[in-house]
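Here are the chains, one letter per residue:
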Amino acid sequence: VKYTDYTPDSVVQTVIDNFIRRAEMGEKKYGVTLDREDLSIEDYINHALEEHMDAILYLEKLKKSWNESIKDTNK
């Protein structure tokens, strides 16, 4: 199936748009795409681990802020 043959719903389209923007930003910032061949498998694993650790930190911050806002609302 070609992507051009598929009309995604708004949520899927938002994700696609975000991936494209992220890829463009990465290429502009680092001057390379993921087609690069200078990184090893271990390098990619380490990059992914670091990104996921960041994501967990962001989620924990949001959870904490959300819980604090609920406490403030219930006062």
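Everything below is about the structure printed above this text.
Only a predicted model underlies this, so the values are computations on that prediction, with no experimental measurement involved. (Residues numbered from 1 in each chain as written. Predicted model: local features only at pLDDT ≥ 70, side-chain atom pairs only at ≥ 80, totals over all residues. Heavy atoms only, no water.)

### Structural notes on the overall build of the chain
And step 1. The helix and strand inventory of the chain stands at 2 helices and 0 strands.
And step 2. The dimensions of the chain, computed from C-alpha atoms along their principal axes, are 55 × 35 × 20 Å.
And step 3. Counting only residues that meet the buried cut, the chain has 3% of its 75 residues in that class.
And step 4. Element-wise, carbon and sulfur atoms account for 60% of the exposed surface of the chain, whose accessible area totals about 7,500 Å².
And step 5. Of the charged side chains in the chain, 11 are positive and 16 negative; the average position of the first set lies 10 Å away from that of the second. (Helix = DSSP H or I, 4+ residues; strand = E, 2+ residues; numbered from the N terminus. Buried < 20%, exposed > 50% of the residue type's maximum accessible area, 1.4 Å probe, protein only. Areas by Shrake-Rupley, 256 points an atom, 1.4 Å probe, with all protein chains shown as cover. Lys, Arg positive; Asp, Glu negative; His and termini not counted. Charge placed at Lys NZ, Arg CZ, Asp CG, Glu CD.)

### Quick notes on the pattern of salt bridges
And step 1. The full count for this structure, using the stated rule, is 1 salt bridge.
And step 2. As a salt-bridge pair, Arg36 and Asp38 come within 2.7 Å of each other at their nearest N and O atoms.
And step 3. Since its relative accessible area comes to 29%, Arg36 is described here as partly exposed. (Salt bridge = Lys/Arg side-chain N within 4 Å of Asp/Glu carboxyl O.)

### Let's talk about helix α1 (residues 10–30)
Given 3.6 residues per helical turn, the α-helix brings residues three or four places apart onto the same face.
And step 1. Over its 21 residues, α1 runs 30 Å from end to end, which matches the ideal 30 Å to within 8%, given 1.5 Å per residue.
And step 2. Capping of α1 at its N-terminal end is provided by Asp9; its side-chain oxygen lies 2.9 Å from the backbone amide nitrogen of Val11.
And step 3. With its phi angle positive at about 75°, Gly31 sits one or two positions after the end of α1. (Expected span 1.5 Å × (residues − 1). Polar contact = N/O pair within 3.5 Å; in protein donor to acceptor, adjacent residues only side chain to side chain.)

### Structural notes on a nonpolar patch on the surface
And step 1. Together, Tyr6, Val12, Ile16 and Ile20 line one region of the surface with nonpolar side chains, adding up to about 320 Å² of accessible area.
And step 2. Within the secondary structure, Ile16 sits in helix α1. (Patch = residues over 30% accessible without salt bridge, like charges linked within 9 Å, V, L, I, M, F, W, Y side chains within 5 Å.)

### Regarding the environment of Ser40
And step 1. By the element assignment, Ser40 lies in the loop between α1 and α2 (41–73).
And step 2. Given a relative accessible area of 34%, Ser40 falls into the partly exposed group.
And step 3. It is 22 Å that separates the C-alpha atoms of Ser40 and Met25, two residues lying 15 residues apart in sequence.

All we've got here are geometric facts, nothing functional implied.
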